[in-house]
Amino acid sequence: MPTSQQSSQPTYGVHLLRDVMIPMRDGVRLATDIYLPCHGDGTVVDGKEKVPALLVRTSYDKTAPEWDDVFPYYVRRGYAFVIQDLRSRFRSEGDGSYFHTVNPWEGDDGFDTVEWLATQDWCTGKIGTLGSSHRAITQTQLALRKPPHLSAMWVEAGPTNIYRHEAREGGAMSFQMFGAIHLHALDCHEIGNDANKAKLIIDAMQNMGDWLNKFPIKPGETALKVAPSLEKTALDYYYRGDYDEWWNQECCNQESYFNQHADVPMVIACGFYDNFVGASANYYIEMNQRNESPTSLILGAWCHGGMRATGSAHGDVDTGKESVWGNEIYNPERLAFFDQHLKGLPQPDNESPVRLYVMGTGDGTKTKFGNLNHGGFWRDEAEWPIQRTQFQTLFMHQDGSLDSFRHRGHGLAVQHVANAGGVDGIPQHERFLDGLDEVRFHWAEGLQQQLDAEVFAGRADLPKGSGSSLETRARVITLGEIPLLGGAEDHHLPAEITAELSQCLEVGGGLFTN
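Values in this document were obtained by computation on a predicted structure and should not be read as measured data.

J.: Quick question: what am I supposed to make of the overall build of the protein here?
T.: The number of helices and strands found in the protein is 13 helices and 18 strands. Relative to its full complement of 514 residues, the protein shows a buried share of 56%. Considering only residue pairs separated by 6 or more positions, the protein has 69% of its internal contacts joining residues 24 or more positions apart. For the protein, the accessible area works out to roughly 21,600 Å², and carbon and sulfur atoms hold 50% of it.

Laid out in structure tokens, this is it:
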């Protein structure tokens, strides 16, 4: 991907200030590593040679090796690179309370950190933020506080509504979050250096499948009992099925507070295979509409955080070497953005507001590793969603084929329907990736009556009003009804129709997203 030919050059060395304890407004101090540019003689930049700062706020340990090939790249090019442990994480102070991604103090802590950095004698007063996943959430949370010296944001693969995107996507609790909370518990302050408590968490992580089979969970019955704050979070994720005032907190749902968001230049990046692609697309749409500052969107053929990966295989497919960025491309891309908005250097050669990877140009053969050669190419766009998009309904037939023709018999068509809250930025055929509330099946005449009589009639467990008229011959099946497809014996439906429904759902959730 092309970037500016006049970017910052690697003319500095790296000087580390380890465990700088930055004070917050309530007196709690957050442990922060500050990597400063220095000259060959060891002279560190100061008030005579100010530099902008790049800030990462993380729950995953500021000394983690994930940054080892990132911070030197920027520091050598004239940036201070700052990595901070969140409150009650690792070396930072706090009362031990830590609620996964639902910490009500993150916005204030982020504001205080940005403004503290801006007052340092080595800083120009321009602060940029970056990071993915939870590190993306903390960016959005501090942006809602509008710190005056926040000057640019590069946000990667982060949810902006924990209820819709992370904890209860589609309605039920996302059990991967139950596992993730154990990972966060392993190094939380509430466990500290207690080896016995840590062993409980490790044993649970090694036997997560067994734990999931024990649901529903109750307080004090899981390994998380040794980390009460995170146990509370897991129980909230699990039992709060309805969107209530807890979910509407700013720390849970930033979307409700986007009117408070800082108006600064932004790049929002994510992968089509990332579980937060819908959130990222919506974030772009909202900021592009609300802010005067430029907002850009990058959508690649990546899994979660995969923009920094060096491989092109995703599940059964290989999207081609052009889909791979890795830090070899990703670092220069971010540098060009921050050079423009923190240093005032010329804008990158490619200033397209939307860049996306279009998949599907491969020849269909298998790679040497057994993946489908799916291929693809990068394309620039002026908007998202793309207004010229044309949607097509395909019908599935008994031989497994798909076409645009409706046939009598057991012909089926699948249509993904986003929830009312809207993931309108995601093309219809990709909405299965995020925010999906419904899978809508269209079937041929005759099958409607059979389904009404043999499947849906008398089913008290199905949502009321989920049926449709015979004129449209459509039946909405919410994600909560997916067990309906478990087997013909469950609902006395002929096996061939059950198989066809199952295939339809499989196509909707798999093939369309490849």
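J.: Which parts of the structure should I look at to understand the confidence of the model for the protein?
T.: Low pLDDT means the predicted atomic positions in that stretch should not be read closely. The predicted model of the protein averages 83 in pLDDT, with 78% of residues at 70 or higher. With pLDDT under 50 throughout, residues 454–500 is counted as low confidence; its partners more than four residues away or in other chains account for 91 contacts.

J.: Please clarify how helix 2 (residues 106–118) should be interpreted in this entry.
T.: Each full turn of the α-helix corresponds to 3.6 residues, which orients residues three or four apart in the same direction. Taking 1.5 Å of rise per residue, the 13 residues of helix 2 would be expected to cover 18 Å, and the 18 Å separating its terminal C-alpha atoms lies within 8% of that figure. The element helix 2 is extensively covered by neighbouring structure, given that 10 of its 13 residues are classed as buried.

J.: Mind showing me how you'd approach the packing of aromatic side chains here?
T.: The relative placement of two aromatic rings is captured by the distance of their centres and the angle of their planes. Following the criterion strictly, the structure yields 24 aromatic pairs and no others. Measuring from centroid to centroid gives 4.8 Å for Trp246 and Trp247, while their planes differ by 80 degrees, and the two rings are edge-to-face. Aromatic pair Trp325 and Trp378: ring centres 5.3 Å apart, planes at 35 degrees, arrangement tilted. Of this pair, Trp325 sits in the loop between strand 10 (317–318) and helix 10 (326–343) while Trp378 is found in strand 13 (residues 376–381), placing the two residues 53 residues apart along the sequence. For the pair Trp325 and Trp378, a shared accessibility class is recorded, and that class is buried. For the cation-ring pair, Lys343 lies above Tyr79, with the distance from its terminal atom to the ring centre recorded as 4.3 Å.

J.: Explain the nonpolar core here, please?
T.: Side chains of a nonpolar character, in soluble globular proteins, are inclined to be buried together. Ranked by size, the top nonpolar core spans 46 residues in total, and within it Trp122, Met153, Met266, Tyr283, Leu299, Leu356 and Trp384 carry the most contacts. For this core, the leading source of residues is helix 9 (residues 277–290), giving 6 residues. What Tyr283 contacts, discounting residues up to four positions off in sequence, is Thr140, Met153, Val155, Thr160, Phe258, His261, Met266 and Ile268. Core analysis: the next-biggest nonpolar cluster, separate from the first, contains 34 residues, Ala204, Leu224, Ala234 and Trp246 among them.

J.: Would you explain the sheet that holds strand 10 in this entry?
T.: Through backbone hydrogen bonds, the strands of a sheet pair up, either in parallel or in antiparallel fashion. With respect to topology, 3 strands assemble into an open sheet ordered 9-10-12, the strand pairing being mixed. Every interior strand has two partners, whereas the edge strands, strand 9 (313–314) and strand 12 (372–373), have only one. In this structure, strand 9 lies alongside strand 10, joined through 2 bridges in antiparallel fashion. The residue bridging Ala313 from the neighbouring strand is Asp318, located in strand 10.

Rules used in this analysis
- Residues numbered from 1 in each chain as written.
- Predicted model: local features only at pLDDT ≥ 70, side-chain atom pairs only at ≥ 80, totals over all residues.
- Heavy atoms only, no water.
- Helix = DSSP H or I, 4+ residues; strand = E, 2+ residues; numbered from the N terminus.
- Buried < 20%, exposed > 50% of the residue type's maximum accessible area, 1.4 Å probe, protein only.
- Contact = heavy atoms within 4.5 Å.
- Areas by Shrake-Rupley, 256 points an atom, 1.4 Å probe, with all protein chains shown as cover.
- pLDDT = per-residue confidence, 0-100.
- Expected span 1.5 Å × (residues − 1).
- Phe/Tyr/Trp six-rings, centres within 6.5 Å; stacked < 30°, edge-to-face > 60°.
- Lys NZ or Arg CZ within 6 Å of the ring centre and 35° of its normal.
- Core = buried A, V, L, I, M, F, W, Y, C linked by side-chain atoms within 4.5 Å.
- Pairing = 2+ DSSP bridges.

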